[in-house]
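Here's the letter readout for the chains.
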Amino acid sequence: WESNFEPIDIEGKCRIRAPFHPKNPAAEYELVIMPKMAFGTGNHETTYLMISEMLKLDLEGKELLDMGCGTAVLAILARLKGAKRVAAIDIDEWAYNNALENIRLNHTEDIQVALGGAEKIKEFGLFDIVFANINRNILLNDICQYTNSMKPGSILFMSGFYVEDIPAIEAECQKNGLKLDSYNERNNWVAVKVLKG
């Protein structure tokens, strides 16, 4: 499977490659990800959508959470884009270990990584931006915990669900004082942008 992994280019700005692919100095951001059957190599629509959203942001000096980090591709990109503090959390031990490996490969060792679920978030304080790329049911269950970790005026991006799931996600966001701002779609998968007042 690993040898079938091809470098991925996202909007001409971000290139994701394995350690065995040649470097491309033309890429604005080039991330090295050891492919090990995990979400987060950019092949999946949700990862692509979330990276596209992150590329639009000015992260300089920001504090960012990558929830359900998988390979930690979003956390690594955030750090490369100038985020001041980045935390990455995943409940899967295998993903946690892969995240640590990829963080070393990209020389972003100051990313804080934790093994666990949303109960871990409170250990890291408050964030300006939260990325959560998981699945519909976990997101619905954990939106309240994301909200508690967000500073006033902060942004939450969520993906891992379909267009038809947006009403359920939006209703749960409203219950927690969050407002759906926009969404992007790719092959019926979506990433939503949500604002905290």
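Notes on the structure in this doc start here. Since this is a predicted model, take the numbers as computed values, not measurements.

### A closer look at the overall build of the chain
Part 1 of the reasoning: Summing up its helical and strand segments, the chain has 5 helices and 10 strands in all.
Part 2 of the reasoning: In summary, the chain has a C-alpha radius of gyration of 16 Å against a globular reference of 16 Å for 197 residues, a match within 12%.
Part 3 of the reasoning: Dimensions of the chain, computed from C-alpha atoms along their principal axes, come out at roughly 50 × 35 × 30 Å.
Part 4 of the reasoning: A burial count over the chain gives 55% of its 197 residues as buried.
Part 5 of the reasoning: Look at the contacts in the chain between residues 6 or more apart in sequence, and 63% of them connect residues 24 or more apart.

### Structural notes on the packing of aromatic side chains
Part 1 of the reasoning: What the rule picks out here adds up to 2 aromatic pairs.
Part 2 of the reasoning: Plain terms: the ring middles of F131 and F157 are 4.7 Å apart, the flat faces sit at 15 degrees to each other, and that makes the pair stacked. Here F131 is found in strand 7 (residues 127–133), whereas its partner F157 is found in strand 8 (residues 150–162), with 26 residues between them in sequence. F157 carries the same exposure label as F131, and that label is buried.

### Concerning the sheet that holds strand 1 (residues 8–10)
Part 1 of the reasoning: Judged by pairing direction, the sheet is mixed, and its 3 strands sit side by side in the order 1-2-3 without closing on themselves. Looking at the sheet topology across the chains shown, the edges are occupied by strand 1 and strand 3 (29–32). The sheet shows a mean angle of 20 degrees between the axes of neighbouring strands, direction not considered.
Part 2 of the reasoning: Note: strand 1 against strand 2 (residues 14–17), 3 bridges, orientation antiparallel. Considered in strand 2, the bridge of I10 is made with C14.

### Details of the pattern of salt bridges
Think of it this way: side chains of opposite charge can pair up when their charged atoms draw near.
Part 1 of the reasoning: Evaluation of the coordinates by the stated rule reveals 11 salt bridges.
Part 2 of the reasoning: The salt bridge partner of K56 is E53, with a shortest N-O separation of 3.4 Å.

### Let's talk about the environment of E53
Part 1 of the reasoning: Tracing the backbone through its elements, the reader meets E53 in helix 1 (residues 45–55).
Part 2 of the reasoning: For E53, a relative accessible area of 4% gives the class buried.
Part 3 of the reasoning: Excluding residues that lie within four positions of it along the chain, E53 makes contacts with F131, F157, N184 and A191.

### What to know about the side chain of R85
Part 1 of the reasoning: Looking at the element boundaries, R85 is found in strand 5 (residues 85–90).
Part 2 of the reasoning: Discounting chain neighbours no more than four positions away, the residues touching R85 are K62, E63, L64, Q112, F124, G125, L126 and F127.

### Points about the environment of I10
Part 1 of the reasoning: Position of I10 relative to the elements: it lies in strand 1.
Part 2 of the reasoning: The spatial distance from the C-alpha of I10 to the C-alpha of S52 is 7.0 Å, given a sequence separation of 42 residues.
Part 3 of the reasoning: Leaving out residues up to four positions away in the same chain, I10 has contacts with I16, Y48, I51, S52 and L55.

Procedures and definitions
- Residues numbered from 1 in each chain as written.
- Predicted model: local features only at pLDDT ≥ 70, side-chain atom pairs only at ≥ 80, totals over all residues.
- Heavy atoms only, no water.
- Helix = DSSP H or I, 4+ residues; strand = E, 2+ residues; numbered from the N terminus.
- Rg over C-alpha atoms; globule rule 2.2 N^0.38 Å.
- Buried < 20%, exposed > 50% of the residue type's maximum accessible area, 1.4 Å probe, protein only.
- Contact = heavy atoms within 4.5 Å.
- Phe/Tyr/Trp six-rings, centres within 6.5 Å; stacked < 30°, edge-to-face > 60°.
- Pairing = 2+ DSSP bridges.
- Axes fitted to C-alpha atoms, helices over the stretch in contact; angles between N-to-C directions.
- Salt bridge = Lys/Arg side-chain N within 4 Å of Asp/Glu carboxyl O.

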